[in-house]
Amino acid sequence: MGIKSYQGEMIGKTAPEQEKICVENYMNRAVVSFSASQNILEVMDAIVKNGISGGPIVSENNEVIGIISEGDCIKQISESKYYNLPMDDMSVQRFMTPNVICVTPDENLLDVANKFLSTKKRNFPVVHQGKLIGLISQKNVLKAVLQWSGSNWHIANQ
C-alpha cells in the first residue's frame with residue numbers, strides 16, 4: 001500500500017498565508033541609521049552598543065545613500081593603524097558602501113532569502129517610496145521560518 005499525499009482543498013483558492021509572507025511582516029522597524037558626515041568612531045560605538053552588524057547611511061530626507069558594516073569598520077581600523085592615521089576626523093562617507101541593494105516591504109520573504117544567498121549580504125534596507133522604513137536581516141528570515149509549521153510553509157498561529 002502506497003502513501004497518499006493530501007494537502008486539502010486548494011483548487012481555485014488563494015492561500016491566505018501567502019499574503020503574510022512578505023518583508024513588511026518580519027522586518028525591523030526600529031533601525032539604527034547613520035549620516036554620511038558622522039565620525040567613523042561614533043558609528044563603531046553605535047554598532048557595538050546596539051549589537052548590530054552595521055546600518056544604512058541616510059540623507060536628510062531619509063533616503064538610503066549607503067551602508068556601513070562591521071567589515072567596513074575593521075578595514076578602516078586596519079588601514080588607519082597601518083598608515084598611522086587618526087580616525088577621529090574621518091567621516092563614514094569615506095568608508096560606506098554606496099551602491100546599496102534595497103528591498104520593498106511587499107517583497108516575498110523567500111525571494112529575499114534567495115537575495116541573501118546570491119549577494120552574500122547579511123541585511124537589506126527596506127524602502128517605500130524611496131524612504132527607509134526598516135531593515136530585514138538573515139536572522140529575521142530565520143525567525144519567520146521558525147514561526148511557520150510543516151513542509152508546506154503554512155504560517156502557524158496567525
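How each quantity is defined
Residues numbered from 1 in each chain as written. Predicted model: local features only at pLDDT ≥ 70, side-chain atom pairs only at ≥ 80, totals over all residues. Heavy atoms only, no water. Buried < 20%, exposed > 50% of the residue type's maximum accessible area, 1.4 Å probe, protein only. Helix = DSSP H or I, 4+ residues; strand = E, 2+ residues; numbered from the N terminus. Arc of directions from axis to C-beta. Pairing = 2+ DSSP bridges. 1 Å grid on protein atoms, 1.4 Å probe; cavity = no way out; pocket = protein on both sides within 12 Å on 5 of 7 lines; lining within 4 Å. Points joined across faces, edges and corners; volume = space filled by probe spheres on them. Nonpolar A, V, L, I, M, F, W, Y, C, P; charged D, E, K, R; others polar. Phe/Tyr/Trp six-rings, centres within 6.5 Å; stacked < 30°, edge-to-face > 60°. Salt bridge = Lys/Arg side-chain N within 4 Å of Asp/Glu carboxyl O.

Could you clarify how one ought to interpret helix α5 (residues 138-147) in this entry?
Every α-helical turn comprises 3.6 residues, leaving residues that sit three or four positions apart pointing alike. Regarding α5, the residues found buried are N140, V141 and A144. One side of α5 holds all its buried residues, which, seen down the axis, span an arc of 100°. The outward face of α5, more than 90 degrees from its buried face, is lined by the exposed residues K139, L142 and L146.

Just to check I follow, could you spell out the pairing of strand β2 (residues 64-69) for this structure?
As a general feature of sheets, a regular strand has side chains that alternate between the two faces. In terms of strand pairing, strand β1 (residues 54-58) meets β2 through five bridges, oriented antiparallel. Note that in β2 the partner of V58 across the bridge is V64. Here β1 hands over to β2 after five residues, with N62 in that stretch at a positive phi of 65°.

Just to check I follow, could you spell out the layout of surface pockets for this structure?
Where empty space is left becomes clear once a probe the size of a water molecule has been rolled over the atoms. In this structure, the largest pocket encloses a volume near 440 Å³. Considering the residues around the largest pocket, the lining is formed by 19 residues, among which N28, G51, I52, S53 and S137 are closest to the centre. Sorting elements by how many residues they give to the lining of the largest pocket places α5 first, with four residues. Residue composition of the lining of the largest pocket, by class: six nonpolar, nine polar and four charged. Taken as a whole, the second largest pocket encloses approximately 260 Å³ of empty space. The wall of the second largest pocket is formed by 18 residues, among which I67, S69, K121, R122 and N123 lie closest to the centre. Mapped by element, the contributors of at least two residues to the lining of the second largest pocket are β1, β2, α3 (70-83) and β3 (123-128). Counted by class, the lining of the second largest pocket contains five nonpolar, eight polar and five charged residues.

Is there a simple way to explain the pairing of strand β4 (residues 131-137) in this structure?
Of all seven residues in β4, five are buried, a share of seventy percent or more. In this structure, β3 lies alongside β4, joined through six bridges in antiparallel fashion. What sits directly across from V126, in β4, is G134. Hairpin remark: β3 followed by β4, antiparallel, with two residues in the connecting loop; positive phi at Q129, about 55°.

How should I be thinking about the packing of aromatic side chains in this particular structure?
Geometrically, a pair of aromatic rings is defined through the distance of the ring centres and the angle of the planes. Under the counting rule described, the total for this entry stands at one aromatic pair. Ring centres of F116 and F124 lie 4.6 Å apart, and the angle between their planes is 15°; this geometry places the pair in the stacked category. Classification of F116 as buried rests on a relative accessible area of 5%.

How do you make sense of the pattern of salt bridges when you look at a structure like this?
Any two side chains of opposite charge can pair, on the condition that their charged atoms come close. According to the stated counting rule, one finds four salt bridges in the structure shown. Among the ionic pairs, K131 bridges to E63, the shortest N-O distance being 3.9 Å. Of the two residues, K131 sits in strand β4 while E63 sits in the loop between β1 and β2, which places them 68 residues apart along the sequence. Residue K131 is classed as partly exposed on the basis of its relative accessible area, which comes to 32%.

Help me out: how do you make sense of unusual backbone geometry in this one?
With glycine set apart, most residues show a phi of negative sign, and most peptide bonds adopt trans. One non-glycine residue, N62, adopts positive backbone phi at about 65°. One can find N62 in the loop between β1 and β2. Here the phi dihedral of Q129 falls at roughly 55°; this positive angle occurs in a residue that is not glycine. Counting through the fold element by element, Q129 comes out in the loop between β3 and β4.

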